[in-house]
Structure formats: C-alpha cells, structure tokens
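Structural features, examined
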Amino acid sequence: MDFLKPVFESGRIDFEGQSLASTLSTLLIACAAGLALAVGFALQRLDVCFYAYAICIVAAYAVVLPPWPFFRRHPLVWLSRKGRVYASTASSSSAQSRRTLVEDVSDDDSC
C-alpha cells in the first residue's frame, strides 16, 4: 500500500481537475444508471437493478473522489509576496484613524 501514499499525501486538486471530476462523475453516474437499467430489464429483477446501480456508483466514486495525479496537472501559480504597506484612513464620523493593510503586488522592486 506504500505505492498509494504519494497519491493521497497531497489532497488538493486544481480548478481544471475539479471541472474534470465534475464532468467525469456526471458521465459515470449517467452510464451507471443506463447499465443498471439494462441489467435489471434483461433479468426482469428490480433488486438486481438497484444492486448494479449501487455497485456502479461506488466504482464511480472510487474513480472521482481520490486526488489522482490526473486531477493535478494544472497547478496554480501564486503571486509572490512583496511586503506589506500600511495606509492610515480617517473616518469622518470618528476622529480615530485606522490602519488599513494594503498588499503591494507590483512587479517593480522599488519598495
């Protein structure tokens, strides 16, 4: 089971992976419903239809829920943190001035 450890260590998937997981789960559940209906109809047994659907749903969730590497192909690139600049603002209703945090995300290094 050690070969699965790197797969589950990083439990985060990117936005493209979330979209893929959503599309994949919708398609797998729709196919599961069709397959279960066909099996139940062929055997003329409603309980077999429900069991087949339940098994297909568990298999679909086994494909979609874990953070597989193909869900993490497009990692996010965050902006680097340049520093913090505090600006003081004065409110017209109160004489107190408050300090507001303003993040500097400019590309120049003239801080």
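To keep things clear, this report deals only with the structure shown in the data block.

**Some thoughts on the packing of helix 2 (residues 15-43) against helix 3 (residues 46-64)**
It is the contact of helix 2 with helix 3, at a shortest axis distance of 8 Å, that shows an interaxial angle of 160 degrees. Viewed along their axes, helix 2 and helix 3 adopt a mutual orientation that is roughly antiparallel. Two packed elements cross with a definite hand, and for helix 2 against helix 3 that hand is right-handed. Considered class by class, the residues forming the contact of helix 2 with helix 3 number 21 nonpolar, two polar and no charged.

**Topic: helix 3**
The end-to-end C-alpha distance of helix 3 is 27 Å, a good match for the 27 Å that 19 residues give at a rise of 1.5 Å each. The set of residues buried in helix 3 consists of Val-48, Cys-49, Ala-52, Ile-57, Ala-60 and Val-64.

**Things to note about unusual backbone geometry**
Residues other than glycine seldom take positive phi values, yet Gln-44 does so here, at roughly 55 degrees. Here Gln-44 is to be found in the loop between helix 2 and helix 3. A relative accessible area of 61% means that Gln-44 is categorised as exposed.

**Description of a nonpolar patch on the surface**
On the surface, a cluster of nonpolar side chains totalling about 430 Å² of accessible area is made up of Phe-15, Leu-76 and Trp-78. As for its placement among the helices and strands, Phe-15 is situated in helix 2.

**Brief notes about the packing of aromatic side chains**
Tallied over the full model, the rule gives one aromatic pair. Ring geometry for Phe-70 versus Phe-71: centroids 4.4 Å apart, planes at 50 degrees, classification tilted.

**Structural notes on helix 2**
Look at helix 2: 42 Å from first C-alpha to last across 29 residues, which is about the 42 Å you get at 1.5 Å a residue. Check the buried side of helix 2 and you find it contacts helix 3. N-cap assignment for helix 2: the residue whose side-chain oxygen lies 3.3 Å from the backbone N of Glu-16 is Asp-14. Where helix 2 terminates, the next one or two residues include Gln-44, which has phi positive at roughly 55 degrees.

**Observations concerning the side chain of Asp-14**
Mapped onto the elements, Asp-14 comes out in the loop between helix 1 (5-9) and helix 2. Summary of buried charges: Asp-14 has no salt-bridge partner, and the nearest side chain of opposite charge, Arg-72, is 7.7 Å away. At a separation of 2.6 Å, a polar atom in the side chain of Asp-14 contacts the main-chain amide nitrogen of His-74. With near-sequence residues (within four places) excluded, Asp-14 lies in contact with Phe-71, Arg-72, Arg-73, His-74 and Pro-75.

**Section: the environment of Thr-23**
Looking at the element boundaries, Thr-23 is found in helix 2. Expressed as a C-alpha distance, the spacing of Thr-23 and Val-64, which sit 41 residues apart in the sequence, is 9.8 Å.

**Focus on the environment of Leu-24**
Mapped onto the secondary structure, Leu-24 falls in helix 2. The spatial distance from the C-alpha of Leu-24 to the C-alpha of Val-64 is 7.2 Å, given a sequence separation of 40 residues. The residues touching Leu-24, leaving out its near neighbours within four places in the chain, are Val-63, Val-64 and Phe-71.

Basis of the calculations
- Residues numbered from 1 in each chain as written.
- Predicted model: local features only at pLDDT ≥ 70, side-chain atom pairs only at ≥ 80, totals over all residues.
- Heavy atoms only, no water.
- Axes fitted to C-alpha atoms, helices over the stretch in contact; angles between N-to-C directions.
- Helix = DSSP H or I, 4+ residues; strand = E, 2+ residues; numbered from the N terminus.
- Parallel < 35°, antiparallel > 145°, perpendicular 65-115°, else oblique.
- Left-handed = near helix turned anticlockwise from the far one by under 90°.
- Nonpolar A, V, L, I, M, F, W, Y, C, P; charged D, E, K, R; others polar.
- Expected span 1.5 Å × (residues − 1).
- Buried < 20%, exposed > 50% of the residue type's maximum accessible area, 1.4 Å probe, protein only.
- Patch = residues over 30% accessible without salt bridge, like charges linked within 9 Å, V, L, I, M, F, W, Y side chains within 5 Å.
- Areas by Shrake-Rupley, 256 points an atom, 1.4 Å probe, with all protein chains shown as cover.
- Salt bridge = Lys/Arg side-chain N within 4 Å of Asp/Glu carboxyl O.
- Phe/Tyr/Trp six-rings, centres within 6.5 Å; stacked < 30°, edge-to-face > 60°.
- Contact = heavy atoms within 4.5 Å.
- Polar contact = N/O pair within 3.5 Å; in protein donor to acceptor, adjacent residues only side chain to side chain.
- Lys, Arg positive; Asp, Glu negative; His and termini not counted.

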